[in-house]
Amino acid sequence: MNRPTPKAGEIYQHFKGNLYKIITVAEHTETKEQFVVYEALYGTHRHYVRPLNMFMSTVDRSKYPDVRQVYRFENISSKGAPAPWIF
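Residues numbered from 1 in each chain as written. Predicted model: local features only at pLDDT ≥ 70, side-chain atom pairs only at ≥ 80, totals over all residues. Heavy atoms only, no water.

Novice: How should I be thinking about the sheet that holds strand β3 (residues 34–40) in this particular structure?
Specialist: Pairing between the strands of a sheet comes from backbone hydrogen bonds, and it takes one of two forms, parallel or antiparallel. The strand order β4-β3-β2-β1-β5 describes an open sheet built from 5 strands, whose pairing is antiparallel. With one partner strand each, in any of the chains shown, β4 (47–51) and β5 (73–75) form the two edges of the open sheet. Neighbour-to-neighbour, the strand axes of this sheet turn through a mean angle of 40°, independent of strand direction. With 5 bridges connecting them, β3 and β4 associate as antiparallel partners. For F35, the partnering residue across the bridge sits in β4 and is P51. (Pairing = 2+ DSSP bridges. Helix = DSSP H or I, 4+ residues; strand = E, 2+ residues; numbered from the N terminus. Axes fitted to C-alpha atoms, helices over the stretch in contact; angles between N-to-C directions.)

Written out as structure tokens, the structure is:
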């Protein structure tokens, strides 16, 4: 199953629980590899970058056998949940 590419403004939850807002998907000028640029919605709101394929990957079940989430990051923007990231 192909998952939709993250879009600016969408909120994703990391499998360990923290929330992040997508800033953009950027492309490496030489390799053309795509990267997700995102902002932590906690603490000092740091910005991070991660390769798109890693961002969209599944959770390593051998390392984290008890995690409920299927993917490393899951889009929660459209799940109808309250918006804890609005402050």
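Novice: Can you walk me through the packing of aromatic side chains in this structure?
Specialist: A ring pair, where both rings are aromatic, is described by two values, the distance of the centres and the angle of the planes. One pass over the structure, following the stated rule, counts 10 aromatic pairs. With centroids separated by 5.7 Å and ring planes inclined at 75°, the aromatic side chains of Y20 and F73 adopt a geometry described as edge-to-face. With a gap of 53 residues between them, Y20 in strand β2 (residues 19–27) and F73 in strand β5 connect regions that are remote in the sequence. A single burial state applies to Y20 and to F73, both of which are buried. For the ring pair Y38 and Y48, a centre distance of 5.8 Å and an interplane angle of 35° mean the geometry is tilted. Note that Y38 is positioned in strand β3 and Y48 in strand β4, a separation of 10 residues in sequence. The class of Y38 is buried, set by a relative accessible area of 3%. (Phe/Tyr/Trp six-rings, centres within 6.5 Å; stacked < 30°, edge-to-face > 60°. Buried < 20%, exposed > 50% of the residue type's maximum accessible area, 1.4 Å probe, protein only.)

Novice: Where do I start with the side chain of R50 in this structure?
Specialist: Residue position: R50 is located in strand β4. Ignoring any residue separated from it by four or fewer positions in sequence, one finds R50 in contact with F35, V36, Y38, F55, R72 and F73. (Contact = heavy atoms within 4.5 Å.)

Novice: Please explain the pattern of salt bridges as it appears in this structure.
Specialist: Opposite charge on two side chains lets them pair, provided their charged atoms get close. For the structure on display, the rule yields 1 salt bridge. Where K32 meets E27, a salt bridge forms, and the shortest distance between an N and an O atom there is 4.0 Å. (Salt bridge = Lys/Arg side-chain N within 4 Å of Asp/Glu carboxyl O.)

Take it as geometry only, folks, not as evidence of what the structure does.
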